[in-house]
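Listed here are the chains, written in short residue letters.
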Amino acid sequence: MMRATLQKNPDEVARMFDGVAERYDLTNDVLTFGLTPYWRRVVVRAVDAKQGEKVLDLAAGTGTSSEPYADAGIDVVASDFSEGMLAVGRRRRPDINFVQADAMNLPFEDNTFDVVTISYGIRNIHDPHKALREMLRVAKPGGRLVIAEFSDPTFTPFRVVYKEYLMKALPWVASKVSSNAEAYQYLAESIRDWPAQDEFAHWIEDAGWQKVQYRNMTGGIVAIHRGFKAAQDS
C-alpha cells in the first residue's frame, strides 16, 4: 500500500485517496468517535445555501459533504482530485454532479459560484495559497467561502493528548477499519503540521478574501473559517 508524502505531490495524494475510497466514510466516523456528522451539520449551517444559489464543494470525495445541499434542492457541484473517491460517490448518488478537478486549477469560469466550501481537504493540496486564490476566482462578487479543517486544540493539556492520539492511536485504529493504514499515517502528519487558526486566517486574507473569521469546534480540534469575496462595486 502507498501513502503520500508531506510534499503533497498531487498524483501521490490522488492515488492514496483512490486506495481508501471504498471505506473512507466509515473510517472517518470511527476515527472521530462519531463526531463527523455533527461537524458536517455545522458546516452546512455556515454555508447557509439558499434556493437558486450554486455551491462548489471541493475535496468532496464520495459526496457525503454534498448530500445535504442536493437533498435541499441546492445546485451543488461535488469536486475532488481522486477519481476513485468520485466513482464511489457516483454509484451512491447519481443525482449529484461530480467533477474531477485540481483545486489549484479549477475548470470553472470566473464568478460562477455563490459559495465555495472545502472540508478537511485543503491541507492535502500541494499549494493551498494558490487554491485559495482559485476559490476566490470562481466565486461570484459577494460570494462566500467556508472551510472546515482540523486545527490546533485551544486547551494546552488536551492538545498534548490529541497530538499523541494523532501520531500513535489514529494509524493503529485505521489499520483495523481501513484498507490502507499507511495513508492515515500521512493524514495524521498532515494534521499535525497544518498551521493554527490565526495563521490560516491570514493565509485566507492574503489570497484576497475579506471579513475572515473562524469558529472553533470540539475545543479547536476542528475550526470553520469563513470569508467573503468583495462585491463588484466595492
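The structure under discussion appears in the preceding block.
This section reports on the structure supplied with the text. (Residues numbered from 1 in each chain as written. Predicted model: local features only at pLDDT ≥ 70, side-chain atom pairs only at ≥ 80, totals over all residues. Heavy atoms only, no water.)

**Points about the overall build of the chain**
Helix and strand counts for the chain come out as nine helices and seven strands. Per-residue burial over the chain gives 52% buried out of 234 residues. Across the chain, every contact between residues at least 6 apart in sequence was considered, and the portion connecting residues at least 24 apart equals 67%. Approximately 10600 Å² of the chain is accessible, and the part contributed by carbon and sulfur atoms is 52%. (Helix = DSSP H or I, 4+ residues; strand = E, 2+ residues; numbered from the N terminus. Buried < 20%, exposed > 50% of the residue type's maximum accessible area, 1.4 Å probe, protein only. Contact = heavy atoms within 4.5 Å. Areas by Shrake-Rupley, 256 points an atom, 1.4 Å probe, with all protein chains shown as cover.)

**Concerning the environment of N216**
Mapped onto the fold, N216 is located in strand 6 (residues 210-217). Taking relative accessible area as the criterion, N216 reaches 33% and is therefore assigned partly exposed. Along the primary structure N216 and S151 are separated by 65 residues, whereas in three dimensions their C-alpha atoms are 8.5 Å apart. Setting aside anything within four residues of it in sequence, one finds N216 in contact with T154, Q197, V222 and A223. A distance of 2.7 Å separates a polar atom in the side chain of N216 from a polar atom in the side chain of Q197. (Polar contact = N/O pair within 3.5 Å; in protein donor to acceptor, adjacent residues only side chain to side chain.)

**With respect to the pattern of salt bridges**
Per the counting criterion, the structure on display carries 13 salt bridges. The salt bridge partner of R93 is E67, with a shortest N-O separation of 4.0 Å. Of this pair, R93 sits in the loop between helix 5 (83-92) and strand 3 (97-100) while E67 sits in helix 4 (residues 67-71), and the two are 26 residues apart along the sequence. A relative accessible area of 14% means that R93 is categorised as buried. By relative accessible area, which is 16% here, E67 ends up buried. (Salt bridge = Lys/Arg side-chain N within 4 Å of Asp/Glu carboxyl O.)

**Some words on the side chain of S66**
Mapped onto the elements, S66 comes out in the loop between strand 1 (54-58) and helix 4. Non-local contacts of S66, meaning those with residues more than four positions away in its chain, are made with D57, A60, V76, A78 and I96.

**Describing the pairing of strand 7 (residues 222-228)**
The element strand 7 is largely enclosed, with a buried count of five among its seven residues. Note that strand 5 (residues 139-150) and strand 7 share seven bridges and pair antiparallel. Residue pairing for strand 7: I147 is matched across the bridge by H225. In this sheet, strand 7 lies alongside strand 6 in antiparallel orientation, the contact comprising six bridges. For Y214, the partnering residue across the bridge sits in strand 7 and is H225. (Pairing = 2+ DSSP bridges.)

**Some details on the sheet that holds strand 7**
If you walk across this open sheet you meet the seven strands as 3-2-1-4-5-7-6, and the pairing is mixed. The open sheet is flanked by strand 3 and strand 6, the only strands paired with a single partner. Here the strands of the sheet are splayed against their neighbours by 20 degrees on average, with no regard to which way each runs. Note: strand 1 against strand 4 (residues 113-119), four bridges, orientation parallel. When the bridges of strand 4 are listed, D57 appears paired with T117. With respect to the sheet, helix 5 is in contact with strand 2 (75-80) and strand 3, its orientation differing from that of strand 3 by roughly 170 degrees. Along the sheet, helix 6 (residues 128-138) contacts strand 1, strand 4 and strand 5; its crossing angle with strand 5, the most-contacted strand, is approximately 145 degrees. (Axes fitted to C-alpha atoms, helices over the stretch in contact; angles between N-to-C directions.)

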